[in-house]
Structure formats: structure tokens, C-alpha cells
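Breakdown of the fold
Residues per chain are reported as follows:
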Amino acid sequence: MSTVYLARDLHFPRIERLVAVKEMTITNPRLKDHVLRAFEREAHLLAQLAHPAIPAVYDYFSAGDRAYLVLEYIRGHTLDQLVRSTPGFLPVDKVVRWAIALADVLHYLHTHATRPIIFRDVKPSNVMITPQEQVKLIDFGIARIFMPEQKGTMIGTEGYAPPEQYRGVLSPLIDIYALGATLHHVLTKKDPRKEPPFSFHERPIRQYNPEVPPALERIIYKALAYKPEDRYQSAAEMKAALEAFLQHGHAGSGVADALPPETQAMPPADAANEATAAWDATMAVEPTFAGEPTQVMDASGDADATAAMPWTPDATQSMPPDADATAAMPEGTRLMGRDAPRARRPAARPAAQEVRPAWIFETEDEIRSSARVVGDTVLIGSYDYNLYALDARDGELRWKFPTRGGVVSQPATDGRLVFFGSEDQHIYALRLRDATLVWKIPTGGAVYSSPWYAERILFVGSDDGYLYAIHTQRGQVLWRFAAGAPVRSSPIVVGHLVLFGSEDGDFFAVTPDGREKWRVRARRGIHCRPAVADGVVYFTSVDGHLYAVDLETGWVLVKHRFGRPSISWPVVTEGVVYVGAANGVFYALNTRRLKVQWEFQTGHQVNGGALVHGEAVYFGATDQFVYSLHRRSGQLRWKFRTRGAITGTPVRNERGSLLYIGAFDGRLYALPLT
Amino acid sequence: MADLISKAQQALERLLKKHADEAEAEGEESGTSSPEARPKIAPRPGAGSGPMNWPAEALGFPPQFWIGTAQHVGLQRDHNEDALYAAHTILAAGTYQSRSVGLFVIADGMGGHLHGEIASQAAIAAFTRHVWNHLLAHMHWGLRSTPPTEIYPVLHYAVAQAQDKVLEEAPGGGTTLTAVLALDQRLFVTHIGDSRAYLYNPLTQELRLLTQDHTWVHRLEELGELTPEEASRHPHRNVLYKSLGQGSDASAEADISLERWAPGMMLLLCSDGLWDVVPDDAIQEVLAWASSPSAAAQRLVRMANDAGGPDNISVIVVAYRPTKRATRS
């Protein structure tokens, strides 16, 4: 109901004196007189206020069914705009200084002589930051006169309002809560209006932004206390806490310089458009982060857990310092804004590589696929034509079985037999114990697909364009389904449906007797193993998308665009899909709308799948690293460098103490699962 | 002339009577029999409840979605700000691909005269229009049985369109929106506000709430700050933190979920004029024993008024009837 104009005050004709004119329309003509009187009262009230953070009121008037307020023109951007347009987080120091300024102006309002004023609307879009980094509170609720609250409707600023505000309770503690909510939003970039109310505690600040020191997090959560009596009891108290923090809670200096002065005036209405440009310029000045160096191990001190473990003496692995590990690509975790220009952060503080392999097994050619653990045996195929069976604890070779082509598929097992495919066009069944060949079945093309075993039937695809269903006891093909193009993707069976994709981009759901139930057409090939959770199938395609499809009907519910091809195997846990793409980014997407929760940039491509274990997620990239991230925030826990690209998915042993991952350097690494 | 007319009238009467007799014999509610009439056919053993869940063969009826709606201004309001919408068709009927499609929406407006009722109608108009244009029209006119595009984004955008329309047509007003898009056994629930959608399963006698109320009081209940009893009696229990037309666009994001139902089950959509005054077990009984969705809907409205009728009441009841297959069993 209000529009803001940039205007020139003609009382001063010889100079250009700019003011802001706020025009408000009276929507309900019956209430016109009442509204105009209330407006006059508010204008008088505003005119009495004198504080650097409050825009000056110069004049007011009404004309027809509109009322006007003439205000000091404020240049700058709202906190809301800054949060949205800045890639990465705003520097903590700045935010704290702004918080102190806000607490100061709130204190002024709460203790105002003639009548204590509760702002009631503290939120990022009501706070402006000028080029000189001054804080201004705008939108003084004068608009509220024009949009009176009604019974049974929403009250207060949703998201930033405390629980008691819905009861119509009015107290200064409302503003304190809202200030805490504003700081939470700014420091986590999570808009509380999009979350269930009062759920700030479910999004711990440091989990999203580890730059925030624990002391500051505590201050904000005190302001956000559910019960008013548990919060700071006055704005002055909160301001004092923030000031004490700024002085003592921070180590060292290095606060970012003042912003470069703006060269041209910007009408407030256009500020949103200029934000990106202006702050790109700003962000070109590298913010230096005062405070603790980036933690590599998570705060609980897991660094100690990776005590040196014995590893095979012939391992020539050296641990290069991180300095050269950080490739030219910018690295680090980014929340949202993946299309925004990337901030160049200084290289993360060297991650002390405390991760040492338990053992390493070397084959003679690239390992491209994923291992399979059964009992105390690890099975892995290599491009050197062999399938290997190793002791899971110490990597001792139990046996190896030669084929006539590279073994690029992850083996499957029924506990007694091992099944896998080879580039030599055969599907093999061996006895797990001693590698005795039980049967082998020829197909018309190389077998890259990883087979799936379910109830005595083995499902596997071949480059000859068929999906095979094989009776494992008899070693006989029960049926084969013509997919029309090579099947390199690895099938899964869920609820009597066999799910897999083809090189042509068709994704099929096939019944147990080999008939098509439905198919989804993607634009390019599908190589992954799909994942299913809650009746929804997830798969990636070289066409650059992650698809979420209804399992029963095959209807596409939603898809997410990476922009670059993906052959990564999606993994779904607790409402989050973890998946990578050829743009080198590893994503955590929420299953509801496939919205990005966080993303992590690696040095090259993420082509394999991930392993989720406890609070961490593990995956490899073709930049030769194995990464371990906190699965909720995407923060790096550790990374381990191999000597070759990694395209497989890590798997873990039964006890959950080791993970196994192979690389193009021909080695299978057993890393401690910490 | 009079002769012809009276002959035609008699013929018409005979036809109507024949229809009424047949309907009565098969237990279906007709315009003349009372809604409470108990039909003469014994229920199928194991079905556990009333006529709406009997196999189609018993009633001789092919349609898959059997719909009843009812609306009342209540006893304490002087005008109605609720709006409802119920549409149904069968795509590719008679073929292997035949699909029953239904779109059911309830919107409860707020903001007083000239705001509330405009808001609720505007929201429904924009939402249903978008869903038809971008999803169902392709299936209907293109004679396809598969949705042409991803479903969730269409529903989210339809809500955004509804939000824009409400702001445009009823500034200062607001509305809830609870919509169920039914495609055979799939239910896509799009919901914002405190109207509700329930699913009733007669075999388990379970009445399951598909939506969560976006009220502050419900949120406090979730957080353990209020007991369910306190919440249901709270004087401010209708204050919403999410709705269309109020607040910012950021908070006008609807919950979208995918549910499944099976033949025999029932869908209920209602505004808080019903659920706030009629307890769940009473609702369940009506759904279990009414002779038709219309009867159920009307009865529910009556019960809400019997309980005081403090608010506008809107109800949609949809029974999912098993299909009569072309081949004989």
C-alpha cells in the first residue's frame, strides 16, 4: 500500500536536495478520516525522534485518499538485499557492529520519554546499511495504519515475531526476539518465513556458518529464548553483551575495510537492481576473516580419532600439504546462490591431513567401480581384467579371478555366490569362498552395469541393449528386456519393479516377468544406479538433471537442473538427496522440492555416489580426493588425496570402522571411517 | 394439445418413478427418499461400514469418484466467505488407460465483507485455472493419461498465481487454500492455512489428517508448549502464520505432499467451520454410515450447526468407488 519516490525539495531551488517521499493509499474509504488522524499522530511522533539510525521526518501532508510523508533520503541497501545478493556469508564483524547499532536504536525507542515505542517490525528488509556502513531503521510501522490487523488473520512479522506476539502482547522483548531472528537470518542465510515458526533452534547457526564464534551464537540464542523472561530484558543489556563480545570474544584484527564510496545516487526504489553490481565491487575486496581458522575436524575433536593406523609398507603415499591441493578452482561450501558470481575466498587454512589409510591394495590398472563388502571380504573389480577378493580387515588377497575384459561393475552377492559383469561381454557367477566358476553367460556387448540380486534372480544390463533377468541357481536367462540402447546403468529392484536407465535416456520400470510398466524419457543417457525413498525414484541423467519420479505411475514429480551432465548415483537419507555432477559440485537437496540445502565445490567432477554414515557423508571426485563432509551443513571434515581420479562410490565394512574406495591409480584404499 | 402434454407428463412421471424404484432397490439415494434411508442390500462381509464402500456391482454404478458437497453460512455469521470447487472427469474412459481425475478445493476467506469472499474465490479461480491449463488440459484434450510435465512445480506455481490474484482482487483480504488433485490412486495435496483434508479408510476405520494446520497454536502444540486440549480451546486458535494474501510472498508457500488412496476409501475436505466444532470421531461415523457422499456432506454441515455454527461451513466428500471392469469376473 505504499510507494516510495525519490524527490527533489524545491524549497532549496539552487541546490539539489534529495528527499524520499512515501505515498500511502487508503484502501478503505470508510475509514479515511480515522486513518488520516492516526497518520498525523504517527508523523508527529516520528518528528520527535532524533537518533542517527532513524531517518529524519521533514514534512507530511495528505491529498485525496493518499497520505504522504517526506523523509530523509537514505542511500544503501537493506540487509535483506545484502543477504540475497552476496555470495557466501557477510563478514561476522560487520554483522556484529550492525547488531550493536540496532540494539542501540531499539534502546532509544524503548526508553523514549513521551511514550516508549516498540518497533514491532525488526527484520532484514527494514534495516538499511549505507555506504558508510551506518545502520538505518526504516518503515516505522506507519504502514500499519493503512493495513489494520484483523481478527483471525496473521499478526506481526511472520518468521521474526516471538510466540507471545500472536496473543497481541506488546512489550520491548518482542523487538529483542526479532533482532535475534534477524541476526540468525543474516548469519545463516535461512529465511525464517520459509520455516515453521519458532524453529531457530533446529538450525544451529554454526552448523551453517562456522565463522560464527560460539559466544556470538549464544548471544543470539538468548535473544531468541522462547520465554520472554529468558531473553535479554532490555536492548541495552543485549547491546552490552554484543560490545563485550566484540572486544573480547574475537582474536586478532583484520576487520574488512570500509566500502568503496558510491559514485552515484540511487533512488531507493531501484536499490534492489543495483545491489548485485555494487556488492560485486565490494566483494572484490577480499574479506579477511578474523577469528579461528577454518576447522578441519569437527568441533567434537574427532581429530584425535584418526590416530595413525598400520598401513602396508609398500604404500608410497605421501601427504602433501594442502597448499598445492587447492587447485585453481575456488573451493568451499556455499549455501544457495550457485548462479551468483563466486566469491574468491582465501584458501582454507591448511587441513592437517590426519587421515591415514588402514591399508591399500594395488591392482594393475584403473579401478573405476565400487567395491562390495560381504562378511569379512571386500570384492573389487579392476580394469586389469580381474575381480579381487580381499580380507576386509587387512587387505590380504584371498583370490583373484581373471576375465578377458575390464571389470567395471560393482559385484552383487547372495552370500554364497558372487555375480559381476565384465567388458568381455560375460556375466559371471563365482563361489565366494574360492572363486570357483559356477556359470557364465555371454551377452552381445560389454557389461558395465552393476548387477542387482533379488530373490534368486539377478538383474543386469549389457551394452547389447538388453536388461537380463537370470536365474542364479540354474545360471539361465529367464528373460531379457529390450531397452533399445546399451544399458550401462545399474538396476535396482523395489517392490516388484525393476528400475534402470539406458544410454538413450529412457528410464524403465519393468515388472518381474519382463514387461514394461512405465518409462520416463530423459534427454540424454542414464548411467547411475537409481535410488528410491518413500515411493519416489531418483535418478540422474547426462541431460543435466536429477529426476524425482513417482514409483507407481512413472509421473515426473519434479526435477533439478545441474547445468552439467550427471552420472552420479543419488543417495537418499532423512529427506535429503546427496548427489554430484560433472560441474564438480556435490549437492544436498531436500526431497520435497529438490531445493539445494547446501553444495560443495570440488576440483573436478563428482561421478560416483556417496556413502552416508552417522553425521557425515563420504564421496570421491575426479580431482583425486576422497571427501568427508558434515551431512547437515556441507562443511568439510577432511579430505584424502589419492593418486588417481575416483569414479566409484565408497562402501563401508560391517562394523562401520572402515570405508573402501578405489581410484584410477589402481589402488583400493581402506580408510578409517571417522 | 392438452392431451399431448398430459400424455408426456404421464410418461415422464412413469419414467421418474421407474428410476426412483430402481434407485431405491439398489440403495442409492434419490431425490425423493430421505438421506438416512437404510438400503435393503446387506453389506459385504469385512467391509466394516456403510453403503459408500460397497462394491460398485452392488449399486450398479460405474463412476469412480463419487462426490458430495455442502456449504452453509453457519448460525452466527451473516455472510459466507468460504469458497469450494469440485470437478471430476474420466480421461480415456473405457480404455486400458482410463483415469479418473478430480480437483477438489476449499478456501476459507478472511478480512470481512468484500475482502474475505473475494479472496477465497480469487484464490480458487487462479489455482484451478493454472492446474487445468498446465496439467489437466493436456491430458484431457490431448487424450493422454500421463501428465505432460513435472507435477510439483505446476502446483507451486498455481499457489503463486493464487497469491497474486488475492493481492490484486482483495487487497487486505486473505484466505486459506486446501486442494487435492486426484489422479486415480494418487492424491496431490496442496495446502496452506487451517482448512483440512482427511482420508478415511473404512477397513481400518482410521480417519487420517493429511494436512497440518498453519496456526500458531498448532505450532506451539507441536513444540510441546500447549496440550492438544489447550490448543483446541484456545481463544486465539485461529490465528494463522501462513495464508494467501497476508504476510509476505515468502510465507505464502504451500505444503505439497503425495498420498495414495485405494478404492473404498474416502476423502474429506472441510473448512474450520466443521472441524473446529465437530470432533473427529463424529466425523468418522458420518463417513462410515452415510448412504452417499452428498448425504455425508449435508449431515456434517448439520452437525456443525447443531454445535453452534460459529463460522462458515464448507465440506467436500469424495468416495473412491471401485471400477466395474469391462470383462465379467
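Once a new chain begins, its residue numbering starts again from 1 and follows that chain's sequence as written. Lettering for chains starts from A, numbering for ligands starts from 1, and both go in the order in which the items are written. Restriction of local features to residues with pLDDT of at least 70 applies here, the model being predicted, together with a cutoff of 80 or more for giving and counting side-chain atom pairs; totals for whole chains, interfaces and linings are based on all residues.

1. Examining the overall build of chain B
Each helix and strand counted, chain B has nine helices and 11 strands in total. Looking at chain B residue by residue over its 329 residues, the buried ones come to 48%. For chain B, long-range pairs separated by at least 24 residues make up 70% of all intrachain contacts whose partners lie at least 6 apart in sequence. For helices the rule is a DSSP run of H or I covering at least 4 residues; for strands it is a run of E covering at least 2, with both sets numbered from the N terminus onward. Put plainly, a residue is buried at 20 or more neighbouring C-beta atoms within 10 Å of its own, exposed at 12 or fewer, and partly exposed in between, counting only other residues' C-beta atoms, which are placed from the backbone. In this description, any two residues whose backbone-derived C-beta atoms lie within 7 Å of each other are considered to be in contact.

2. Focus on the overall build of chain A
Within chain A one finds nine helices and 40 strands. In chain A, buried positions account for 47% of the 674 residues. A separation of at least 24 residues holds for 52% of the contacts in chain A among residues at least 6 apart in sequence.

3. A short note on the interface of chain B and chain A
Between chain B and chain A, the residue contacts involve 30 residues of the former and 26 residues of the latter. Those elements that provide at least two residues to the side of chain B that touches chain A are α4 (151–169) and α5 (216–222) of chain B. Ten residue types, Ala, Val, Leu, Ile, Met, Phe, Trp, Tyr, Cys and Pro, are classed as nonpolar, four, Asp, Glu, Lys and Arg, as charged, and the remainder, Gly among them, as polar. Along the lines of polarity and charge, the residues of the side of chain B that touches chain A split into 14 nonpolar, 12 polar and four charged.

4. Notes on the nonpolar core
Residues and elements named next belong to chain B. Judged by nonpolar contacts, the single largest core of 191 residues is most densely connected at A123, F127, L177 and L300. Sorting elements by how many residues they give to this core places helix α3 (residues 116–141) first, with 11 residues. Once residues lying within four places of it in the same chain are set aside, the contact partners of L300 are A70, L274, V278, I283, V286 and V315. Any set of buried Ala, Val, Leu, Ile, Met, Phe, Trp, Tyr and Cys residues joined through C-beta atoms within 7 Å is what this text calls a nonpolar core.

5. A look at helix α9 (residues 293–306) of chain B
Residue and element names in this part refer to chain B. When the terminal C-alpha atoms of α9 are compared, their 20 Å separation across 14 residues agrees well with the 20 Å that a helix rising 1.5 Å per residue should span. Burial in α9 covers these residues: P293, A295, A296, A297, Q298, R299, L300, V301 and A304. Structurally, α9 contributes buried residues whose contacts are with β1 (65–72), α7 (272–275), α8 (280–289) and β11 (313–320). Expected span of a helix, by definition, is 1.5 Å for each gap between consecutive residues, and there is one gap fewer than residues.

6. Observations concerning the sheet that holds strand β35 (residues 616–620) of chain A
Residues and elements named next belong to chain A. Strand pairing requires that DSSP identify at least two bridges connecting the strands. Ordered in space as β34-β35-β36-β37, the four strands form an open sheet in which the pairing is antiparallel. Edge positions in the open sheet fall to β34 (611–613) and β37 (636–641), since each of these has one partner strand only. Sheet twist, expressed as the mean angle between neighbouring strand axes with direction ignored, is 15°. Relative to β35, β34 is paired through three bridges, and the arrangement is antiparallel. Bridging from a neighbouring strand, V612 pairs with V617 of β35. Angular values range over 0 to 180 degrees, each being the angle between N-to-C directions of two axes fitted as lines to C-alpha atoms, with helices fitted over their stretch in contact.

7. Notes on the confidence of the model for chain A
Residue and element names in this part refer to chain A. What pLDDT reports is the predictor's confidence in each residue, on a scale of 0 through 100. With 81% of its residues at a pLDDT of 70 or more, chain A has an overall mean of 81. Here helix α9 (residues 322–325) is the element of chain A with the lowest mean pLDDT, 32, and strand β15 (residues 417–421) is the one with the highest, 97. Here residues 145–156 is a poorly scored stretch, pLDDT under 50, and it has 35 contacts once near neighbours within four places are set aside; other chains count. In this model, residues 251–352 is a region of pLDDT below 50 whose contacts with residues beyond four sequence positions or in other chains number 137 contacts.

8. Remarks on helix α4 (residues 172–188) of chain A
Three or four residues apart is the spacing at which side chains of an α-helix point the same way, because the helix has 3.6 residues per turn. Residue and element names in this part refer to chain A. Here α4 is 17 residues long and its end C-alpha atoms lie 25 Å apart, about the 24 Å a rise of 1.5 Å per residue gives. Across the 17 residues of α4, 17 count as buried, placing the element largely inside the fold. Note on α4: the residue one or two positions beyond its end, K189, has a positive phi of about 60°.

9. Let's talk about the environment of B:C270
Relative to the assigned elements, B:C270 resides in strand β10 (residues 266–270). As for B:C270 and B:G116, which are separated by 154 residues in sequence, their C-alpha atoms are 17 Å apart.

10. Thoughts on unusual backbone geometry
All names here are of chain A. A positive phi angle, near 70°, is found at R120, a position not held by glycine. Tracing the chain through its elements places R120 in the loop between α3 (92–110) and β6 (127–129). Backbone geometry places D534, a non-glycine residue, at a positive phi of 55°. As for its placement among the helices and strands, D534 is situated in the loop between β26 (531–533) and β27 (536–540).

11. Details of the pairing of strand β17 (residues 437–442) of chain A
Residue and element names in this part refer to chain A. Bridge analysis of strand β16 (residues 426–431) against β17 gives five bridges, and the strand direction is antiparallel. Counterpart to H426 in the pairing with β17 is P442. Turn length for the β16-β17 hairpin, with the two strands adjacent in sequence and antiparallel, is five residues, and the turn residue A435 shows positive phi of about 65°.

12. Thoughts on the sheet that holds strand β38 (residues 651–652) of chain A
Residue and element names in this part refer to chain A. Taken together, four strands build an open sheet; the order of strands is β9-β40-β39-β38 and the sheet is antiparallel. Looking at which strands have only one partner, the edges of the open sheet turn out to be β9 (359–362) and β38. Across five bridges, strand β39 (residues 658–662) lies against strand β40 (residues 667–672) in antiparallel orientation. Note on β40: the bridge partner recorded for L658 is P672.

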